[in-house]
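Remarks on the overall topology
Residue strings, one per chain:
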Protein chains: 8
Amino acid sequence: SRCGYPEVIFCEGKTSASLVEIFSTLLESNQRCLGTRISEEQAETVLKQFPQAIYNQTARTVRIPEKDAAFDEKLIAGEIAVLTAGTSDRPVAEEAIETLTWMGYEPDFILDVGVAGPHRLQEQLPRIQNVSAIVVAAGMEGALPSVVGGWVSCPVIAVPTSVGYGASLGGIAALLGMLNSCAANVTVVNINAGFKAGFIAGLIADQKHSTS
Amino acid sequence: SRCGYPEVIFCEGKTSASLVEIFSTLLESNQRCLGTRISEEQAETVLKQFPQAIYNQTARTVRIPEKDAAFDEKLIAGEIAVLTAGTSDRPVAEEAIETLTWMGYEPDFILDVGVAGPHRLQEQLPRIQNVSAIVVAAGMEGALPSVVGGWVSCPVIAVPTSVGYGASLGGIAALLGMLNSCAANVTVVNINAGFKAGFIAGLIADQKHSTS
Amino acid sequence: SRCGYPEVIFCEGKTSASLVEIFSTLLESNQRCLGTRISEEQAETVLKQFPQAIYNQTARTVRIPEKDAAFDEKLIAGEIAVLTAGTSDRPVAEEAIETLTWMGYEPDFILDVGVAGPHRLQEQLPRIQNVSAIVVAAGMEGALPSVVGGWVSCPVIAVPTSVGYGASLGGIAALLGMLNSCAANVTVVNINAGFKAGFIAGLIADQKHSTS
Amino acid sequence: SRCGYPEVIFCEGKTSASLVEIFSTLLESNQRCLGTRISEEQAETVLKQFPQAIYNQTARTVRIPEKDAAFDEKLIAGEIAVLTAGTSDRPVAEEAIETLTWMGYEPDFILDVGVAGPHRLQEQLPRIQNVSAIVVAAGMEGALPSVVGGWVSCPVIAVPTSVGYGASLGGIAALLGMLNSCAANVTVVNINAGFKAGFIAGLIADQKHSTS
Amino acid sequence: SRCGYPEVIFCEGKTSASLVEIFSTLLESNQRCLGTRISEEQAETVLKQFPQAIYNQTARTVRIPEKDAAFDEKLIAGEIAVLTAGTSDRPVAEEAIETLTWMGYEPDFILDVGVAGPHRLQEQLPRIQNVSAIVVAAGMEGALPSVVGGWVSCPVIAVPTSVGYGASLGGIAALLGMLNSCAANVTVVNINAGFKAGFIAGLIADQKHSTS
Amino acid sequence: SRCGYPEVIFCEGKTSASLVEIFSTLLESNQRCLGTRISEEQAETVLKQFPQAIYNQTARTVRIPEKDAAFDEKLIAGEIAVLTAGTSDRPVAEEAIETLTWMGYEPDFILDVGVAGPHRLQEQLPRIQNVSAIVVAAGMEGALPSVVGGWVSCPVIAVPTSVGYGASLGGIAALLGMLNSCAANVTVVNINAGFKAGFIAGLIADQKHSTS
Amino acid sequence: SRCGYPEVIFCEGKTSASLVEIFSTLLESNQRCLGTRISEEQAETVLKQFPQAIYNQTARTVRIPEKDAAFDEKLIAGEIAVLTAGTSDRPVAEEAIETLTWMGYEPDFILDVGVAGPHRLQEQLPRIQNVSAIVVAAGMEGALPSVVGGWVSCPVIAVPTSVGYGASLGGIAALLGMLNSCAANVTVVNINAGFKAGFIAGLIADQKHSTS
Amino acid sequence: SRCGYPEVIFCEGKTSASLVEIFSTLLESNQRCLGTRISEEQAETVLKQFPQAIYNQTARTVRIPEKDAAFDEKLIAGEIAVLTAGTSDRPVAEEAIETLTWMGYEPDFILDVGVAGPHRLQEQLPRIQNVSAIVVAAGMEGALPSVVGGWVSCPVIAVPTSVGYGASLGGIAALLGMLNSCAANVTVVNINAGFKAGFIAGLIADQKHSTS
Ligand SMILES: Nc1ncnc2c1ncn2[C@@H]1O[C@H](COP(=O)(O)O)[C@@H](O)[C@H]1O
Ligand SMILES: Nc1ncnc2c1ncn2[C@@H]1O[C@H](COP(=O)(O)O)[C@@H](O)[C@H]1O
Ligand SMILES: Nc1ncnc2c1ncn2[C@@H]1O[C@H](COP(=O)(O)O)[C@@H](O)[C@H]1O
Ligand SMILES: Nc1ncnc2c1ncn2[C@@H]1O[C@H](COP(=O)(O)O)[C@@H](O)[C@H]1O
Ligand SMILES: [Mg+2]
Ligand SMILES: [Mg+2]
Ligand SMILES: [Mg+2]
Ligand SMILES: [Mg+2]
Ligand SMILES: [Mg+2]
Ligand SMILES: [Mg+2]
Ligand SMILES: [Mg+2]
Ligand SMILES: [Mg+2]
C-alpha cells in the first residue's frame, strides 16, 4: 500500500451494504481496516458482519484487525500526546486516537486543558515535553496549540473543531487562529479532521522507527 | 461634555487647517484635547500653533492641555495595565496609553509577552493581578487576551491588531479569536482601535472613583 | 475561585448525567452554580435532582444557590441596565440578566426600544443615565448600542443577536456594526453571548464595591 | 433620453481626450452633462475646453449646461434633504448633491448628525420631516439611516461610505447594517454611490411633478 | 402613526397568543393590520379569532381591515408593477403585493420574465413603462432589475431572493449583483425582503398623491 | 505540444532577461509565442530583442511569430465574437482577442453593449447568432453573459472583470453573478482572465475543424 | 427552440401537479423533456402520468421522449467523457450524463480517479485523450480538473461539488480551486451544477456536427 | 533554547538598528541567527555589521553563524525535499530552504513541477520517494501538495503562496484547497509562510536523529 498504511474508508454517504463489501475486499487482501465518520446505523450492520470490529461511538470510527488476526500487537506508547481545550472537542480527539491506535500507537490523552484555566495545562507539562508529536484539538478561539507550541520542541498538529457559536463560524475562527500561530512548530489540518491530525502525528513518530 | 470627557478628534482625512480650528474651539471652551490617527505632517502644523501640545509619533496622537494649564495634575497609577503580544503591536498599545494619560491615568505598560514565550507573561503576573482593567493588544492569532483573562479577575479589553500576513486577513483572524475567547472576562473592540480600548478601560477605572 | 465567581457550566452537548455530576461537585465545594444554554430536557433532570434550582426557559439557564443556602441575599439594584432593540432579542437579554442575578445584581430591564421607534428610548433615558454599565442586545443592523452610547457616559456592552434574515448573516451584520460604533464607550462580545455581556457588566459594577 | 435625464459619464479610467469627445457629442445633441469620479487632472482638461463647466473637487464631479444655455433655471427647493453622519462622509454626499442640482433640485444639506451625538439630529428634525426623499450617507456602523427612517415618513436612500477602519471592511459593515435596517422606509445603494443615491432621490421627487 | 401607515407585525418567533393580542390592540386603536412571515399554524389561530382576516399562504401574510370596516375601498391601479425572474421568486413578490394592497394599491403582477428568455420581458414592456415604481424580485444572478432599469425611467426596487444553489450563497450573489447594477435607477433591499420592497414602492407612489 | 498550442508565458513577476531567454528557447523549437500580463518596461526589452514581436499595450500582451515566419497566415473569421459590457472592460477583452489571433482566429469585437442600454445589444444580434463561441467580458453586476446566453445557442464564455467599486469586491460580484446565470449555456473563468476565456473559445471553434 | 434544445425544467420547489402540466405542454409542442432536481415524490407522480419517462434517482432527473416516440435514436459515442474524483461526486456526474443522453450523446463515465491515487487516472488516459469535451466533477480541494487539463487538449468543464466538510465551505473551496486552475483549458460552472456542465459539453460536441 | 533551535527574528517593521542589537545579543549568547522578511535596506546594514552573514535576496532572509564559527558543519542531505508548482513560488520555497540550512539540513530543491505539466513531476519522483518530509509551495489552485501526497508516504507540508489573481484571493484559494486535500498526509501552514513550512519539515527530520 502506497503510504505504508492500508486505505481508510470515509463512511459518510455510503450504504451499509457497500461498506461491508469494501471492508471484505480489504480484509481479503490482508489489510487492517479503519472506517471514519460512520453512523450508528452503519456501525450496527458492520458489527453484525465483522464481530471482531471495534466501534467507537464518540469518535464515529470502526477498526477491523487483519483477517485471522487481532489488534493484539503491543502498541507503542510514549511518543504521541493528544490534547483538547474543552470536553466538547473530545469526538475529534478520539478520531485522532482511533487512527493512531490503528497505526500501532498508544497516545497519551489529556482532556480539557484550555487556556482559560492556565494551571491545568501546566500540571500536565511533564506528559507532553518528551513526545515526538502532539495533536491539539480546540474550537472557539483555537488558542491552545499556540500555547502548547510555546512549551514543547516537537511538531504540534493543530486541529480546529466546530465547537462554539456566533463568530466561531463553524470552526473558521479557530482555523484562522491556528494558521496565524506565533509558535513556529504549529501546523494545521481541516476543521474537525481528527483522522488527518492523528495520521500525520503517526507518520512523524514513524520517522524514529524508520531505518532507511 | 456628554461622557465626562471632552470630544476626541479623529484626524485622518481632515486638513491641518481644520484641525487647528477644531482644537482652538475646544481649548476656548476650556477642554483638554486629544487627536488620534494624526499624520506627521498634520502634527507639525498643530505643534507650531500649540507649542504646549504633546505629540507621540508611534501612537499617532497629539494631546493638548486645557487653556492656561498643563498636564501637570498627578496621574492615577496602579489601576490599569496595557499589554502587547509582540513588539509590532506597540503603536496600537501606545494609542491606548495616550488616551488613558489624557483621561488622567498612568497605565502600567508590559511589552512582548505573547503566548509563544509562556515564561514572559508569568514573570509579569504580579503586575496585572490587582488592576481594575487590562488592555491587551495582539495580532496574528490574537490568543493573548484569553490567556491573560485566565489569570485575572477584572475585565480584559482585547484589541486586535493588523499585525501578521496571509490568513491573518488584516486583523480579522485576531478579531474572531478574541470574540470567541473561552475566558468570560474578555470583551472586544475594533481592529487597531487603541483609542477605544484605552477609553473603555478608563471608564471602568472611573467606576471606583465615582460617588453616585 | 479565580475570578471571584464560581465556574459557569456551558450545558450544550453534555449529558444530563454529567451535568448532575458537575453541579454536585460545585455545590459540595460550596459554590453557587450557573448553567447556560441548557435544553428543556436537561433542565428537567437537573430540577428533579436539585429542587432548589431556578430554571429560566427563555434564557435557557439554571441557577442553583450554595449548599444549604438560598438566593435570598439582597440583590444590588440601580447599577446595571439591560436593553433590547426588539422583543426577539429577549432570550439573549435574559441570559445576561440571569448571569447578573447569579452575581448578586438586579438589573433594570428595558425591552423593545430599537431605533426605528425613537420616542421609546427617549422616554426611558432617566433609567439608564446613572448606572455603571449597560448591556444592549440587538440584531439586524445592531444600531441601538451606538445610540445608547451617545446618551450615557458609562461603558456599553453590546451583544449582537442572530435575529434577522438574509444579509443579517446570522448576526454578523449586527456584530460588524457594533464593532464600528462611532460611540467611544461601546465594547462588543460574541453573537448571542448574553452570558458574557452580563458577566462583564457585573465585573464593571464590582469595581465600585472593590476596596483594594 | 431613456430616463428623462441625459447619460451620465463615469470618468474613472477614461482618457481626458475621450472625455472631451464624449461631452462634445452630448452637448451637440443638446444634452446637459454630468461627469462623476473625475480626477483633478481630467477636470483641468475638461474645464479648459468647456469654460462654462462647473467642477466640484470634493464631489469629484463636473456639470456642463446645455449648449448655448446655463444652469440658470430656478432649482426646486424643499423636496429633498441630504444628510451625513460625519464630516468624512462629505464627498459622497456632495456627489449626490451635484447629481440633484444637475436634475434641477436644490437639496437641503445637513452635515455631521451621526448617532453618537443624538442632540444634533433632533435639532434638525424640522428640516427633514416634510421632504419627498432623504439621502443619508454614513460609514462605520451605518446606523444613521435607521434613526432617520424612524423620524420620517418618506423614502430614505441610504448610501454606505468606506469611512472607517478595521472591521468596517471598506464599507461592507455599513452596507450590511443599512440592508438590515429595522426601519421599513430605508432602501440602499452601493458603497460610496453618491450619484445613485442622488439620482433615485431625484426620480422620487419627480413623481410629484409628473402628470401622467 | 409615524409613517402614515400603521405598524406591521413580523410574526416569526412570536406565539399565536401574542399575535392575537397585538392585532386586537391595533384594531382597537382603529388601525388596519399587516402580519408578515406568518406560519400556517399561526395563521389558523389568527383566522379563527378574526374571521375578516385575509390570509395569503404563498406570501405568508395576513391582512385585517380596520375595525367594523373591510378592505372594500377602491384600490389605486396603474401605478406600480411587480415582476419576478422565475416562478420560484413568487413568494417574495406576493409579500410585496400584499403589502401594497394593504397600503391601498393594486399592483400589476408580471411573473417569470427572467433574462434567459428575453422575448418574455419585451412583450410586457408596455405594462411597465408608465408606472411610478417597479418591484423586481430575482434570485440566482439577480440580473433582471438591471435589464428592467434599462427600459424604464422610474425607480426600480430590486429585491434579491434566496432562490438558487451553490454559489448563489443564499441570495448574496443576487444582492451583490443588484447593488452593482449599471442602471442608475436601481435601489436595493434585503434578501427576501418583499415587504420592504413593496412598502418603498408604495411610499414612492404616495408622492404623486401628496399635496404638501 | 500538449494542447496543440505552444506554451503561453505569464510575464508578471519575471525579469526582462528571463523573458528574452524563454522566448528564445520557444522560437528555437519553432513555436509561436504569446506573453500575457507584460509590463511596458518588459515589452520594451522584448521588442528590442525581437523586432518582429507585436505588442498590445491595452491587452498587456506580446505575440512573436514562429522563427523565420510571420503572422501572415489567413486568420479564420466568423466563428468567434468577443463582447464587453462597458468600455472599461476593454483590456480584458483585448487579451482574449490577442490570444485568439495567436491561435489563428479573427474574432468579431463588439464593445459597450451592457444591459443598461438594451437597444445596443439588440442591434448587434445578427453578428452573434451564427458563431461557434462567444466571450463576454463584464464587471459590476456581470449580467451581460446571461442576457447574451438568452439570445444564442452556442457556448458563452463569461469572464468577470474587476471593473466597479464598493460591493463589486474586485470582481467577485460579477463572478458570482455569472456562476449563477440562469442561462444554461454560460460557463465561467477567473476574474480578468481574458487569456483563458479566449483560449477556451478557440478550443471550441477548433472542434469544427478537427477531423478525428 | 432557442438553443436547439427544448426547455429544461428545474423541478425543485414546484408542485407535482404543475410539473405534470409543464411536461404535458412541452410534449404537446413535440419537445423532449428533461426535469432536474426532482424529488422521489415528484418523480412518482410524473412516472404515473408518463409511463415512458426514464427516472434516475441518483441524478435526480427525469427524461421524457417526444410524443409518440422513444429515446430509441442511436446515441453518439466517443465524443464526451465524464469523470469524478470520488464516489460521492457521482450524483452530480450522473446529472451531467442524463443531460447529455437527452441531447443525444453517450458519454464515457470514469468514476473515482481523484488525485490522491495517481495511478488510477493514468490507467484511464487513453479513454480521455481523443474526446471533444470532458466534464470533471470533484469536491474537497477540486484538483482533478487541473490534472486532467494537463493531459488533454480539449476543453475541460469543471463542476465543483459540495462533497467535503469544514473548510470545504459547501463547495466554495473546490470552486475557487477550479477557477484558479493553472491549466488553460479548464472552465467552470456553479457548485453541483451537473446539468450545466453536461449541457455545455454537449454544445461543444455539437460544433463538430454543425454545418454552418 | 526552548525548541532546540535559537529564536528566529521576524524583521518586518523593525528598525535596522534594533535588528543589529537583537542579532548581537543572540550571537553573544552563542546562538546562530536567522532573520526572515528582511528588506534590502535592512540587509545592507546587517551585512555591514556582520560580514560573515549570508543574505538571500529572493528568500528575504539573513543567516549568521555562531560567534567565532562558520556554517561549515556538514549539512544533512537526502532527508527533505522542497518543491514548487511554478517559478513564481520560488521566494517562499527559498525561505523554507534557508530555514532548513540554518537547522543543518540540505534539502533537495525541485522547481516548477505544477500539475498542468504532469510529466515534469513524474520524472522527479525518485528524488522525493525516500525523504522524511516534503515542503510543497504552490499558489493559484494549490493542487500540487495533493498530487505529491498521492505519490509518497512521508508527511507533506503544504505552503500556499499568494501567487495568482482574481479569485485566488491573495492565496486563500490555495489555502482552502490544501486544507481540503484528499491526501491524508498533507498538513498546512499560513499563506507565504516558507519559514514555518521549513521549520516543521526540519523538526520532523529531527525525529530520526533524536535518541530519547
Ligand atoms: N482612533 C479612533 N478610533 C475610533 N473612533 C475615534 C478615534 N478617534 C476619535 N474617535 C471618535 O470619533 C469621533 C470624532 O469623529 P469626527 O467628528 O469625525 O472627528 C469622536 O466622538 C470620537 O469618539
Ligand atoms: N458614480 C457612478 N456610480 C455608478 N454608476 C455611474 C456613476 N457615474 C455614472 N454611472 C453610470 O455609468 C454609466 C456610464 O458608464 P460609461 O459608459 O462607462 O461611461 C451611465 O449609465 C451611468 O448611469
Ligand atoms: N439543475 C439546474 N441547474 C441550473 N439551471 C437549471 C437546472 N435545471 C434547469 N435549469 C435552467 O432553469 C431554467 C428553467 O427554470 P424554471 O423556469 O424555474 O423551470 C431553464 O432555462 C434551464 O436552463
Ligand atoms: N516569516 C515568519 N513567519 C512566521 N513567523 C515567524 C517568521 N519569522 C519569525 N517568526 C516567528 O516570530 C517570532 C519572532 O517574532 P518577533 O519577536 O516579533 O521577532 C519567532 O518566535 C519566530 O518563530
Ligand atoms: Mg474547559
Ligand atoms: Mg515576540
Ligand atoms: Mg420593536
Ligand atoms: Mg462627528
Ligand atoms: Mg423561468
Ligand atoms: Mg456603457
Ligand atoms: Mg477515491
Ligand atoms: Mg510552470
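Let me begin by describing the structure that accompanies this report. A quick note: this is a predicted structure, and the numbers were derived from the prediction, not measured.

Overlaying chain B with chain H gives an RMSD of 0.0 Å, the required rotation being 90 degrees about an axis along which the chain moves by 0.1 Å. Put plainly, the chains are arranged around a four-fold axis. Identified as the residue of chain B closest to the rotation axis by C-alpha distance is Leu169 of chain B, at 7.5 Å.

Counting through the fold element by element, Ser132 of chain D comes out in the loop between helix H4 (118-128) and strand S7 (133-138). We classify Ser132 of chain D as buried; its relative accessible area is 0%. There is a polar contact of 3.1 Å between the side chain of Ser132 of chain D and the side chain of Lys208 of chain D. Sequence-distant contacts of Ser132 of chain D, defined by excluding residues within four places in its chain, comprise Glu79, Cys154, Pro155, Ile204, Ala205 and Lys208 of chain D together with Gln207 of chain E.

The next subject is the site of ligand 2. Neighbouring ligand 2 are Val8, Phe10, Lys14, Thr36, Glu95 and Phe195 of chain D, Ala184 of chain E together with Tyr165 of chain F. More than a single chain frames ligand 2: its nearby residues are located in chains D, E and F. Take Phe10 of chain D: an N or O atom from its main chain is 3.5 Å from an oxygen atom of ligand 2. Tyr165 of chain F places a polar side-chain atom, nitrogen or oxygen, 2.4 Å from a nitrogen atom of ligand 2. Protein chains bury 84% of the 500 Å² of accessible surface belonging to ligand 2 in isolation. Grouping the constituent residues of the shell around ligand 2 by class yields five nonpolar, one polar and two charged.

So, on to the sheet that holds strand S4 (residues 61-64) of chain G. Residues and elements named next belong to chain G. The four strands are arranged S1-S2-S4-S3 in an open sheet whose pairing can be described as mixed. Every other strand in the sheet has two partners, leaving strand S1 (8-10) and strand S3 (54-56) as the edge strands with one partner each. Shown here is a sheet whose adjacent strand axes are inclined to one another by a mean of 15 degrees, direction ignored. In this structure, S3 lies alongside S4, joined through three bridges in antiparallel fashion. Bridge pairing in S4 links Ile54 to Arg63.

Right, let's get into the interface of chain H and chain A. Each partner contributes residues to the interface: chain H has 34 residues there, and chain A has 35 residues. Taken together, both faces of the contact between chain H and chain A bury some 2,800 Å²; the carbon and sulfur share is 57%. One can count 10 residue pairs in polar contact (both at pLDDT 80 or more) joining chain H with chain A. Counting residues per element, the side of chain H that touches chain A draws most heavily on helix H7 (residues 194-209) of chain H, at eight residues. Each residue belonging to the side of chain H that touches chain A can be placed in one class, and the counts come to 18 nonpolar, 13 polar and three charged.

Rules of the game
Residues numbered from 1 in each chain as written. Chains lettered and ligands numbered in written order. Predicted model: local features only at pLDDT ≥ 70, side-chain atom pairs only at ≥ 80, totals over all residues. Heavy atoms only, no water. Least-squares fit on C-alpha atoms with pLDDT ≥ 70 in both. Helix = DSSP H or I, 4+ residues; strand = E, 2+ residues; numbered from the N terminus. Buried < 20%, exposed > 50% of the residue type's maximum accessible area, 1.4 Å probe, protein only. Polar contact = N/O pair within 3.5 Å; in protein donor to acceptor, adjacent residues only side chain to side chain. Contact = heavy atoms within 4.5 Å. Near = heavy atom within 4 Å. Areas by Shrake-Rupley, 256 points an atom, 1.4 Å probe, with all protein chains shown as cover. Nonpolar A, V, L, I, M, F, W, Y, C, P; charged D, E, K, R; others polar. Pairing = 2+ DSSP bridges. Axes fitted to C-alpha atoms, helices over the stretch in contact; angles between N-to-C directions. Buried area = accessible area lost by both parts, 1.4 Å probe.

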